[in-house]
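One-letter residues, chain by chain:
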Amino acid sequence: MTENIRPAIIVFPASNCEKDMAQVLQEVFSLSPILVWHTETHLSNDITHVILPGGFSFGDYLRAGALAAHSPIMAEVKRLARFGLPTLGVCNGFQILCEAKLLPGVLLRNHHDRFVCTVSRMTWFGARQTHVPQTIHLPIAHRDGRFYAGDATIDRLREEDGIALVYDDADENGDALVNGAKACIAGIVGGPKRNILGLMPHPERMASEHMLGSDGLRILKDFLFGQDDERQNDCKL
Amino acid sequence: MKDKTIASFSTLSDLSLTHEQHAHEAGLSLEEYDRIKRLLGRVPSKVELGIIGAMWSEHCSYKSSRAHLSKLPVSGPQVLVGPGENAGAIDIGDGLAIVFKIESHNHPSFIEPFQGAATGVGGILRDIFTMGARPFALANLLRFGKPSQKRVPFLLNGVVGGIASYGNCFGVPTVMSNVDFHESYDGNNLVNAFAIGVVQKEDIFFGRASGVKNRVLYVGAKTGRDGIMGAVMASDTFMEDAKSKRPTVQVGDPFIEKLLLEACLLAFKEKLVVGVQDMGAAGLTCSIFEMANRASTGLAINLDHVPLRDETMTAYDIMLSESQERMLMVVAPKDVARLKQIFEHFGLDCADIGHVSGDGIVRIHHKGHDVVELSATLIIENAPRYRRSYISEIPALRQSIKDGVNVDVATAVESFKNDLGQKDLTYITSQFDHHIGLATIVGPNVADAVLIKVPNSRKAVALSLVSHGKLCKIHAMEGARRLIFQAALEVSTQGAEPVGITNCLNFGSPENVPVMTDLKHAIDGMAQAATSLSVPVVSGNVSLYNETKGQPILPTLAICLVGLADTPSCYTKFSRAKENHRLVLLGELPDDYTGAEAVIDELPSGMSPKPWDGDFILCMAAILRRGVLDDLIDCASVVGRGGLLLSLIKIMAGSGLGADLDLASICPRDELSLALLSEDAPRVLLAMSEDKFAALAKLCENLVPINALGRLHGDEFAIKHQGQIIFSEQKNVLIANFATSLEEYLASH
Amino acid sequence: MSKKTRVVVTVKKDVLDPAGVAIKKELVRQGLVDIADVRVGKVIDITFRHNGDPQKHLSLIKAVSHNLLSNPVVEDFALISDDE
Amino acid sequence: MSKKTRVVVTVKKDVLDPAGVAIKKELVRQGLVDIADVRVGKVIDITFRHNGDPQKHLSLIKAVSHNLLSNPVVEDFALISDDE
Ligand SMILES: Nc1ncnc2c1ncn2[C@@H]1O[C@H](COP(=O)(O)OP(=O)(O)O)[C@@H](O)[C@H]1O
Ligand SMILES: [Mg+2]
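Worth saying up front: this structure is predicted, and the values here are computed from it rather than measured.

Quick look at the overall build of chain C
Here is step 1: Scanning chain C from N- to C-terminus turns up two helices and three strands.
Here is step 2: Expected size for 84 residues packed as a compact globule is a radius of gyration near 12 Å; at 16 Å, chain C overshoots this value by more than 25%.
Here is step 3: Along the first, second and third principal axes, the C-alpha set of chain C runs to 50 × 30 × 15 Å.
Here is step 4: Counting over 84 residues, chain C shows a buried share of 44%.
Here is step 5: Put simply, of all contacts in chain C between residues at least 6 apart along the chain, 72% involve residues at least 24 apart.
Here is step 6: Surface accessibility of chain C: about 4300 Å² in total, with carbon and sulfur atoms responsible for 55%.
Here is step 7: Averaging the positions of the 13 positive and the 12 negative side-chain charges in chain C gives two centres separated by 3 Å.

Points about the confidence of the model for chain B
Here is step 1: Per-residue pLDDT for chain B averages 89, and the proportion of residues at 70 or more is 90%.
Here is step 2: In this model residues 1–15 of chain B is a low-confidence stretch, pLDDT under 50, and it forms 27 contacts with partners more than four residues away in sequence or in other chains.

Description of the relation of the copies chain C and chain D
Here is step 1: When chain C is fitted to chain D, the best match, at an RMSD of 0.4 Å, comes from turning it 179° and sliding it 0.0 Å along the axis. Both copies of the chain, as the preceding transformation shows, are related through a two-fold rotation axis. Taking C-alpha positions as reference, the residue of chain C nearest the rotation axis is C:Lys42, located at 2.2 Å.
Here is step 2: The residues that chain C uses at the interface reappear at the interface of chain D in 100% of cases, marking a shared surface.

Brief notes about the sheet that holds strand 2 (residues 34–37) of chain A
Residue and element names in this part refer to chain A.
Here is step 1: Within the open sheet, the nine strands sit side by side as 2-1-3-4-11-10-9-6-7. Their pairing is mixed. Strands at the two margins of the open sheet, each flanked by one partner only, are strand 2 and strand 7 (134–142). This sheet shows a mean twist of 20° between the axes of neighbouring strands, independent of strand direction.
Here is step 2: Sheet topology note: the strand 9 (residues 163–167)/strand 10 (residues 185–190) ladder contains three bridges and is antiparallel. Looking at strand 10, one finds that Leu165 is bridged to Gly187.
Here is step 3: In the packing of helix 1 (residues 18–27) onto the sheet, contacts are made with strand 1 (7–11), strand 2, strand 3 (49–52) and strand 4 (87–90), and the angle to strand 1 comes to roughly 170°.

Digging into the nonpolar core
Here is step 1: Grouped together as the largest cluster of nonpolar side chains are 167 residues, with contacts concentrated most on A:Phe29, A:Phe147, A:Tyr167, B:Met329, B:Phe343 and C:Ile46.
Here is step 2: The leading source of residues in this core is helix 11 (residues 254–269) of chain B, at ten residues.
Here is step 3: For B:Met329, the residues in contact, after removing those within four places along its chain, are B:Arg215, B:Val216, B:Leu217, B:Val219, B:Cys264, B:Phe268, B:Val273, B:Gly275, B:Val276 and B:Phe343.
Here is step 4: Core analysis: the next-biggest nonpolar cluster, separate from the first, contains 66 residues, B:Ala462, B:Leu505, B:Leu533 and B:Ile623 among them.

Points about the site of ligand 1
All names here are of chain B.
Here is step 1: Residues in close proximity to ligand 1 total 16 residues, the closest being Gly84, Glu85, Lys101, Asn503 and Asn541.
Here is step 2: Within the side chain of Lys101, an N or O atom sits 2.9 Å from an oxygen atom of ligand 1.
Here is step 3: Asp127 places a side-chain nitrogen or oxygen 3.2 Å from an oxygen atom of ligand 1.
Here is step 4: Elements supplying a minimum of two residues to the shell around ligand 1: strand 3 (96–104), strand 17 (497–506) and strand 18 (537–543).

Focus on the confidence of the model for chain C
All names here are of chain C.
Here is step 1: On average, residues of chain C carry a pLDDT of 87, and 92% of them reach 70 or more.
Here is step 2: Per-element averaging of pLDDT across chain C places strand 3 (residues 75–83) at the bottom with 84 and strand 2 (residues 35–48) at the top with 93.
Here is step 3: Note on the complex model: pTM 0.94, ipTM 0.93.

Section: the sheet that holds strand 9 (residues 298–302) of chain B
Residues and elements named next belong to chain B.
Here is step 1: The strand order across the open sheet built from seven strands is 8-10-7-11-9-12-13, with neighbouring strands paired in mixed fashion. Each edge of the sheet is formed by a strand with only one pairing partner; in this case those strands are strand 8 (275–278) and strand 13 (369–375). The average angle at which neighbouring strand axes cross in this sheet is 20°, direction not considered.
Here is step 2: Those strands touched by helix 11 are strand 7 (215–220), strand 8 and strand 10 (326–331), and its axis lies near 10° from that of strand 10.
Here is step 3: Strand contacts of helix 14 (residues 336–345): strand 7, strand 10 and strand 11 (349–357), with the helix running at about 150° to strand 11, the strand carrying the most contacts.

Let's talk about the interface of chain C and chain D
Here is step 1: If you look at the interface, chain C gives 36 residues, while chain D gives 36 residues.
Here is step 2: In this assembly, chain C packs against chain D so that about 2900 Å² is buried in total across both faces, 63% of it on carbon and sulfur atoms.
Here is step 3: Considering only the surface of chain C that becomes buried against chain D, C:Leu32, C:Asp34 and C:Val43 emerge as the three largest contributors, covering 19% of it.
Here is step 4: One can count zero salt bridges joining chain C with chain D.
Here is step 5: Where chain C meets chain D, there are twelve residue pairs in polar contact (both at pLDDT 80 or more).
Here is step 6: Contributions of two or more residues to the side of chain C that touches chain D are made by strand 1 (3–11), helix 1 (18–29), strand 2 and helix 2 (54–69) of chain C.

Digging into the pattern of salt bridges
Residues and elements named next belong to chain B.
Here is step 1: Taken as a whole and assessed by the stated rule, the structure comprises 59 salt bridges over all chains.
Here is step 2: The salt bridge partner of Asp310 is Arg225, with a shortest N-O separation of 2.8 Å. Here the residue Asp310 occupies a position in the loop between strand 9 and helix 13 (315–320), and Arg225 occupies one in the loop between strand 7 and helix 10 (230–233), the gap between them amounting to 85 residues.
Here is step 3: The class of Asp310 is buried, set by a relative accessible area of 17%.
Here is step 4: For Arg225, a relative accessible area of 19% gives the class buried.

Re the pairing of strand 23 (residues 635–638) of chain B
Residues in a regular strand point their side chains to alternate faces of the sheet.
All names here are of chain B.
Here is step 1: By the alternation rule, side chains of strand 23 split into Cys635 and Ser637 and Ala636 and Val638, which are all buried.
Here is step 2: Sheet topology places strand 23 next to strand 25 (residues 683–688); four bridges connect them, and they run antiparallel. Among the inter-strand pairings, Ser637 is bridged to a residue of strand 25, identified as Leu685.

Comments concerning the packing of aromatic side chains
Here is step 1: Counted by the stated rule, this structure contains eleven aromatic pairs over all chains.
Here is step 2: With 6.0 Å between their ring centres and 85° between their planes, A:Tyr61 and B:Phe255 make a pair best called edge-to-face. Residue A:Tyr61 is found in the loop between strand 3 and helix 2 (73–83), and its partner B:Phe255 is found in helix 11; the two belong to separate chains.
Here is step 3: Judged by its relative accessible area of 13%, A:Tyr61 is buried.
Here is step 4: Site record: aromatic cluster; members linked through ring pairs are A:Phe58, A:Tyr61 and B:Phe255.
Here is step 5: Directly above the ring of B:Tyr316 sits B:Lys46, whose terminal nitrogen or CZ lies 4.7 Å from the centroid.
Here is step 6: The ring centre of B:Phe693 lies 4.7 Å from the NZ or CZ of B:Arg582, which sits over that ring.

Rules behind the numbers
Residues numbered from 1 in each chain as written. Chains lettered and ligands numbered in written order. Predicted model: local features only at pLDDT ≥ 70, side-chain atom pairs only at ≥ 80, totals over all residues. Heavy atoms only, no water. Helix = DSSP H or I, 4+ residues; strand = E, 2+ residues; numbered from the N terminus. Rg over C-alpha atoms; globule rule 2.2 N^0.38 Å. Buried < 20%, exposed > 50% of the residue type's maximum accessible area, 1.4 Å probe, protein only. Contact = heavy atoms within 4.5 Å. Areas by Shrake-Rupley, 256 points an atom, 1.4 Å probe, with all protein chains shown as cover. Lys, Arg positive; Asp, Glu negative; His and termini not counted. Charge placed at Lys NZ, Arg CZ, Asp CG, Glu CD. pLDDT = per-residue confidence, 0-100. Least-squares fit on C-alpha atoms with pLDDT ≥ 70 in both. Pairing = 2+ DSSP bridges. Axes fitted to C-alpha atoms, helices over the stretch in contact; angles between N-to-C directions. Core = buried A, V, L, I, M, F, W, Y, C linked by side-chain atoms within 4.5 Å. Near = heavy atom within 4 Å. Polar contact = N/O pair within 3.5 Å; in protein donor to acceptor, adjacent residues only side chain to side chain. Buried area = accessible area lost by both parts, 1.4 Å probe. Salt bridge = Lys/Arg side-chain N within 4 Å of Asp/Glu carboxyl O. Phe/Tyr/Trp six-rings, centres within 6.5 Å; stacked < 30°, edge-to-face > 60°. Lys NZ or Arg CZ within 6 Å of the ring centre and 35° of its normal.

Right, dumping it as C-alpha cells:
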C-alpha cells in the first residue's frame, strides 16, 4: 500500500519540523519522502502528497506564513492542490496555506500574546474521510495559532464539514481557551477532493507510543491513505 | 614592525582626547595602558587600544579568575575537548560526541531583557555549532530580583519572551528552566543559557587559523553598530543608571541563525573548513586574535570587504561591533568558490576578507590605511593576570544549629507559598517549544532531571541544572560541592551516569574581597567534588561585576551536569507515581538545619554546613541507577531546596495523589520539622510499587539507609507520628499553591 | 532626493487585537481613564533610491500592500507618501 | 467628537530590524528593485471618549509612549494627533 506513496516536504528558510516529519514518515510508515527547497519551481511527477512542515519560515516576519506563501515553489503547490493532490500544512504550514489562500481564514497572534507549548485535548472529525468524532490528544507549539475567519466563512466551513479538528476546551464565546481560536478551530479541510488539510497541532510529534503518544497517527493515516482504520500492521510501530 | 612610526598611527586617533582618555574609554587602567606601551614599544592607535581593551577585558581575558580555574579537573578518558575551545566535548561511544557549554548574558539582559536573553541563546547555539555539532537541546537558569520589585515582571516576561522567540524559531527544544528570585538580583538579573549538540567524533572543528595562505571568510549577517564595546560593558558594575552605559543594543535574528547553522553544517560535511569561530563578545576582534593565537599564525584582514549595514562605520566600529549571527572561517583557497555557493543558497553573506600569514602578526587594513599591526600571541599571552585578594581561610565546617531553631510544618508550608522560587514553572516552560526534535523523553517540570534522546543514537542524555546562591553565600566551598553532588544524584534518577560538567560563575566584583573569597572557594569546592566523582569540567563561563551600587549578587554558581543513559526506556517521572505506591526515603537523616530554605534567612552568621561525602554520593547514585534500570523505581525527587516537604509536594502535584506518611521510622517526635525541612543530608524520596521495595532494600544493604515513610493515597496530605496526625491538608490546596501562583503573581502586576 | 513611503497596516474593527487590549488595560491603570479603544497596527517604511520612478513605485507599492504587506481578511492599509 | 491619537513607534536607526531586511528582500524579488531600505514599526491608535481633556491626554500619552508603548532602548516614537 505504501509503495506508490511519495510525499514531498517543502523546506522554507527556517522551517524546522521537516526533519521530524521525514523521520516519522520513514520510521513509522516506511515511506521515502523527499525534501524540496522553496526556490524550486517544479515537483516531480511521482509526488503523491505535499507537506508544508512546521517552523518559522522567514522568521515569521511580517505575518506568520506570509513571506513563504510567495515563495517560488508555492505556485506549483497551489496548482497541484487545486488539482486535488493531498496537501498537508502543519502549524507554520497551516499558516502558509491560509496566506496562500488555499484555505480560508488566517492565523492570528494567540489571544494571550504568548507562545504556547502543551498537549491539548481535541476532537477529530476526519479530513479526506469524515467519520464519527474521535477524542484525541495532540501537542501544540505556536504563538500565532488563533484561527480567525468571518462569520460567513465559518458558517460555510460548518456546512461543508470543513472543520476537521477542534480544541475541546472553549471559553464563554465558544473560542478556544488555549489560544482564542474562533469556534475552537484547530484544523480545517478544503480543496476539490477534501485534499487540503491545515492543522495547528503537530501530529508528527505523537506518532508512536515511544513519543508523547500515538494519536497523531490517525491524522497522518487519513492524510496519507485517505482512511483512518486501525492499520497497525502497515506500520512498524 | 617596532620601527614603524608612531605618527602614522596617531593620525588615526581622535586628537581631542589624550591617550589616557582613550585608554579609559577602552576600559583599560593606566597600568594596563603602560603595559601596552611597553609591550609594543610604541603608542597604540585608537583602533588598537579598542582591540586590546576588549581582549583584556575581564569578559575575554579571565584576568581575575584564570589562576583559580586551573584547579578544575578537565581531563578524563572520555574528554575529547576541554576548556579553551568554544565548548567542551565528551565521547559517548558509537563514534559520537556530545558538545555542551553554558554561557551568561546577564548585563545585556538587564538593559534590554528580550534582546539580551535572545542573543544569549543565539550565542550559546553558535558556540555549539561552530564545533561542528548540531544542537539538540537548550536549557536556562534565570535569576530575578525580589518579586515585589516593580521591574521584575517586565524583566521576567522580556527574558522569557526573548528566549522563546529565539529558541523556538531556531528549532531546538528548550527542555529545562531553573528560576529563582532574590533581592540581591534587583539590579542585576541573571540569564545563563545552556546548549548541547551532537557530532561525529572525527568531525569536531576548532577555532584555529592554520595554514599559511589559507583564506579568511566572513559569513552570516552584516555588521552594524550593535553592542560596540559590549565586552567592556560586561566587565563593569552598574552604577546609578544602566542607561548611561548603553551601546546600541544587539538584536538577535534567529531566522538568520537557523540558516547559518544549516549552511555551516553543510560546509563542514563537505570538509571545506579548516578552522572556524563565531563572533561573540568583542566580535571580529576576538575571533581574529584567538584564531591566530591558537594556530600561532598571523592574519591579514581588509575591512573594506566586511559586509556592512552602514557604510559610514569606522575601522574601530567594525572591529568592535557585536552584531550577531556571524562567523569567521579559515578555508583553503580552492574551496572559496564552493563556500560562496553554499552561503548564497541560504541567502547569507560570505566575504573573503583576508588570508593567513606565517609571521604571527595581525594586520588590519581599512580604506587605504593600515590601522592595526599587532602580534596575536603578544596580546593574548600577555593579558594581565590579577591575583585579586581573598581570604584563604575556609569557615570552619560543622556547627550544629538544630537547637534554638523552631519551625513548625504549617509555618513552613505557609512560607513556601510566598517563595516564588519554589513554584511550578509551567508559566515559563510552556512558552518554550520542548517537543520539537521528537527527542524529549522526560521534559520540563516532570522530574528533577530531564532526559533527551541523542539524535541518531540509541543513547540519551540526562541533564540537571542547579544553583543555590543562599547556600554558597553561607559557605561557598561546601555550597559548590553540594551542587555537583545534587546534580549527580539527579541525573542518576534517570538511570544516567554523570559524564561531564559545565558551569557558570556569576559573581560580583572580584575587586571586592568577600566576593573574590567566595569565587575562589566556589571554584575549589567545584574542583573537589568533580574530582571525587571523577566527572570532568569541560567548559564554562565566568560573569563578574554583577553588582549595583556596591551590592553584589549572591554567589551564583550554576552547575549543569550531563549524564549519559544507555537505556533510555528506563526513567522516572513524578507522574509515574501511582495510587498506593510506597514513599521511600533513601539516604542519611539530617541532624541540623544549615542551609534549609525554611530558616536560611534567619541563620546567625558563621554557620556552616556539614560536608557531604563524595564516596557516599557515588554509592547512592549507583543504587539509584540500578534501581531505575531494574525498573524498581517509578518516581524520584532528590531532596534539595525546600527539604523533604517540597519533594513530597512535587510528587503529589505530578501524580495528582495525596500522601499518608508516618515519620516515626526516621525521627523522634520533636524532630519532625527537621526531617521535613532540613537540606543538610543527601536524601532522595522515591515512589515505587510495594512489591519492589525488598529488591531495592537489598541493593541498599549496609550501604545507604532506606526507610519506608508511607504511601501515596487519596485526597489528603497527612503527616503522622506513631499514628498521631501532626499536619494535614487537602492535597489540592497544596498543589494549587504550588502550581499557579507564578502566573497569578505576574498577571496581578 | 530619496523618497519614502509609509504603509500603515491596521487590524479590522471587529477582529480581536490582544496587544491593543493589553495596552488599553495598562493605560487605564496608569490614569488614562477616558480611553475608549486601543488598536495596534504596523508601519512599513520603504525608502527608495533617488533614481526611481515615483509613479511606478506608487502603483507597485499599492499592489504589494494589498497582496503581501497586509492580509485583507483581517487588515486594512493606507499609504502615506513623503518627499524628503 | 471622539479624539484619536496615533503613536508611531519605529526601530532606532542603528538597531537591526530583521523583519525589515526580510521584507525588503521579498519586495526586491517582486520587482521593487529601487528599494534602499525597509523598516518595520508599530502604530498604536488610541481613541478617547468625547468628554476628556485633550491637553491632559496629550501629556499623559507622551509619558506612556516613552516608557510603555515604546522601548526607549531600541525604539523611537512620534505622536500624531487627529480630530475627527
Ligand atoms: N568557569 C569555567 N569553568 C571551566 N571552563 C571555563 C570557565 N569559564 C570559562 N571557561 C572556558 O574558557 C573559554 C573561554 O570562555 P568564554 O569567554 O565564555 O568563551 P566565548 O568566547 O564563547 O564567550 C571557554 O573554552 C570556556 O569553556
Ligand atoms: Mg565562543
